Amino acid sequence: MDLILIKNGHVIDPENNINDKFDILIEKGNIRRIDKNIEPFSGCEVIDADEMIVSPSFTDIHVHLRDPGQTYKEDIRTGSMAAVAGGYTTVVCMPNTLPALDDASLIRYVIEKGEEVGLCRVLPAGAITKGRRGKELTEMALLKDAGAVYFTDDGAPVMDSHVMRKATEYAGSIGSFVADHCEDLSLSENGVAHEGEIAAALGLPPLPPEAEDTMVARDCIIAIHTGMPVHICHVSTKVAVEVITWAKAMGAEVTAEVTPHHLSLSDAEWLDFDCKAKVSPPLREEEDIEAVRWALSSGIIDFVATDHAPHAHHEKMLEHHACPPGMIGLQFALPIVLELVKKDYFDMKRAIEVLSTAPARKIGIQPPSIVEGRKAELTIFNPTESWEVNEESILSKSKNTPLLGRKLIGKVKYTFYDGKIVYKG
Ligand SMILES: [Zn+2]
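For clarity, every value in this text was computed on a predicted model and none was experimentally measured.

S.K.: I tried to follow the overall build of the protein chain on my own but got confused; where do I start?
M.R.: Helix and strand content of the protein chain: 13 helices and 18 strands. Over its C-alpha atoms the protein chain spans a radius of gyration of 21 Å, differing by no more than 12% from the 22 Å that the globule rule assigns to 425 residues. C-alpha atoms of the protein chain, sized along the principal axes, occupy 65 × 45 × 45 Å. Within the span of the protein chain, comprising 425 residues, buried residues form 61% of the whole. When contacts within the protein chain are restricted to residue pairs at least 6 apart in sequence, those whose partners lie at least 24 apart make up 74%. Accessible surface, the protein chain: about 16,100 Å² in total, of which carbon and sulfur atoms supply 50%.

S.K.: How do you make sense of the side chain of D307 when you look at a structure like this?
M.R.: With respect to the secondary-structure elements, D307 resides in the loop between β15 (303-304) and α11 (313-316). The buried charged residue D307 lacks any salt bridge, with R66 as its nearest oppositely charged partner at 7.0 Å. In terms of polar contacts, D307 uses its side chain to reach the side chain of H64, at 3.0 Å. If near-sequence neighbours (up to four positions away) are discounted, D307 is found in contact with H62, H64, D154, H234, T259, H261, S280 and M327.

S.K.: How should helix α4 (residues 161-173) be read in this particular structure?
M.R.: Think of an α-helix as 3.6 residues a turn; residues three or four steps apart then line up on the same face. With 13 residues, α4 should reach 18 Å at 1.5 Å per residue; the first-to-last C-alpha distance of 18 Å fits that figure. Residues V163, M164, A167, T168, A171 and G172 constitute the buried set of α4. Angularly, the buried residues of α4 cover 155° about the axis, an arc narrow enough to put them on a single face. Of the exposed residues in α4, those oriented more than 90 degrees away from the buried face are H162 and S173. In this structure, the buried residues of α4 make contact with α3 (140-146), β9 (151-152), β10 (178-180), α7 (210-226) and β13 (230-232). Between a side-chain oxygen at the N-terminus of α4 and the backbone nitrogen of H162 the separation is 2.9 Å; the capping residue is D160. After α4 finishes, the residue G175 shows a positive phi value of roughly 75°.

S.K.: Looking at this structure, how should I read unusual backbone geometry?
M.R.: Note: most residues except glycine have negative phi, and most peptide bonds are trans. In this structure, P68 follows D67 across a cis peptide bond, with omega equal to 15°. Tracing the chain through its elements places P68 in the loop between β6 (58-63) and α1 (76-85). Cis peptide bonds are those with omega within 30 degrees of zero, and the linkage from L98 to P99 qualifies with -5°. The topology assignment puts P99 in the loop between β7 (88-93) and α2 (104-117). Here N17, not a glycine, exhibits a phi torsion of approximately 55°, which is positive.

S.K.: Explain the domain arrangement of the protein chain to me, please; I cannot follow it from the model alone.
M.R.: Much of the literature gives interface size as the accessible area that the parts lose upon coming together. Once the domains are mapped, the protein chain shows domain 1 (3-54 + 372-384 + 407-424) and domain 2 (57-362). Using only C-alpha atoms to locate each centre, domain 1 and domain 2 end up separated by 30 Å. Counting from both sides, the interface comprises 19 residues of domain 1 and, opposite them, 24 residues of domain 2. Counting each side, the surface lost to burial between domain 1 and domain 2 is near 1,900 Å², with a carbon and sulfur contribution of 68%. Taken together, the connections running from domain 1 to domain 2 amount to two salt bridges. When the shortest N-O distance is used, the salt bridge between R121 and E377 registers 2.9 Å. Along the contact surface separating domain 1 from domain 2 lie six residue pairs in polar contact (both at pLDDT 80 or more). Contributing elements (two or more residues each) for the side of domain 1 that touches domain 2: β16 (378-388), β17 (407-417) and β18 (420-424).

S.K.: What is the right way to read the layout of surface pockets from this model?
M.R.: A water-sized probe rolled over the atoms picks out the places where empty space is left. Estimated volume of the largest pocket: approximately 600 Å³. If you trace the largest pocket, you find 34 residues lining it, with G155, H181, S280, P324 and P325 closest to the centre. By residue class, the composition of the lining of the largest pocket is 12 nonpolar, 14 polar and eight charged. Space inside the second largest pocket adds up to approximately 250 Å³. For the second largest pocket, the lining is made up of 14 residues, of which S264, P335, I336, E339 and L408 are closest to its centre. Put simply, the parts of the chain that give the lining of the second largest pocket at least two residues each are α9 (260-264), α12 (333-342) and β17. No other element matches the four residues that α12 contributes to the lining of the second largest pocket. In terms of residue class, the lining of the second largest pocket is built from eight nonpolar, one polar and five charged. Structurally, the lining of the second largest pocket is a two-domain feature, drawing no fewer than three residues from each of domain 1 (3-54 + 372-384 + 407-424) and domain 2 (57-362).

Conventions adopted
- Residues numbered from 1 in each chain as written.
- Predicted model: local features only at pLDDT ≥ 70, side-chain atom pairs only at ≥ 80, totals over all residues.
- Heavy atoms only, no water.
- Helix = DSSP H or I, 4+ residues; strand = E, 2+ residues; numbered from the N terminus.
- Rg over C-alpha atoms; globule rule 2.2 N^0.38 Å.
- Buried < 20%, exposed > 50% of the residue type's maximum accessible area, 1.4 Å probe, protein only.
- Contact = heavy atoms within 4.5 Å.
- Areas by Shrake-Rupley, 256 points an atom, 1.4 Å probe, with all protein chains shown as cover.
- Lys, Arg positive; Asp, Glu negative; His and termini not counted.
- Salt bridge = Lys/Arg side-chain N within 4 Å of Asp/Glu carboxyl O.
- Polar contact = N/O pair within 3.5 Å; in protein donor to acceptor, adjacent residues only side chain to side chain.
- Expected span 1.5 Å × (residues − 1).
- Arc of directions from axis to C-beta.
- Domains from an automatic or database assignment.
- Buried area = accessible area lost by both parts, 1.4 Å probe.
- 1 Å grid on protein atoms, 1.4 Å probe; cavity = no way out; pocket = protein on both sides within 12 Å on 5 of 7 lines; lining within 4 Å.
- Points joined across faces, edges and corners; volume = space filled by probe spheres on them.
- Nonpolar A, V, L, I, M, F, W, Y, C, P; charged D, E, K, R; others polar.

Here it is, written out as structure tokens:
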């Protein structure tokens, strides 16, 4: 359809300070007119967005698409389908694939495969160290030239502080940044569940929050001394929030993300001994959840990233020690963030910012924006529509989430990418 008219939607675009009802006319994929009232005319498809919100589409800088090497869990096509169903049009996939994304040809493979699928922008993060073994730095400049948007060994921390310091300096010197999965492995050991009353009551091997907190502190200190940026992945504890608050006050170029599951689920998910609750870092206690919610509200945590981590059913059925950590998240971020709006942690504008503009800006892409002349890259969602999380509604190849069978409120109705409708819900 050459002409699409989005009628009566509430348009929220933090980039342009738009927060009002507008009609939007899209012609051949470009936003042609934004106005209070545009009359429908013949030959134009009308989308009735009454009671709906129209926002720039979302960016997730932390997803695992398992391609290459583990495409029985997810691949770039199914990952893209889940992304656009969640309102995302840019995703950054993690380099903990098989082999690891530590080479320019692998970086190009991911970008080309993403373009071939064509549903959204799939950008790779390159590995910090060769083979993600934590020892020898990759050729970051070559990876960046090939299209890597930042560097991380995610799935594992960079345990060696000297390597982390060198990596931070190197990435910063080429205009990029490192992101760390903060976990001191000598503290987490064989821990499975957050160290607290529930792990103790259930007899699950405890994983102390210090494992995260000490590593966050180390990385913040490296950022302070090198003057280079460090991004903290999936912040989950109240102490980590305090440490990041301190580092930012010191003027460090530290940024942080939080996942939908750490914003909404607690270690109580373990009560039925279901390993779908296993994730790294682990689901925490109420106090931690409160802390990350308020940190996201205040800006201490900069944005939401899902850490979408698909695993096959047979893997999640293993005993708690053998089961791989991780849960999917691309389709749940919006409803979970909307829940926090409803509970008054922040307003709708901040909700759009943490899903859309802030993460896009972090990876140096122009945030999608609803302005005349731009290609349509937007998400239309109904903030009050409820839907059930089940095998059918999940578009990922894997269905590993404790949310299975639960109802969520907030549903993506349309996602536009590159001027085209890539999802209709
Ligand atoms: Zn991680």
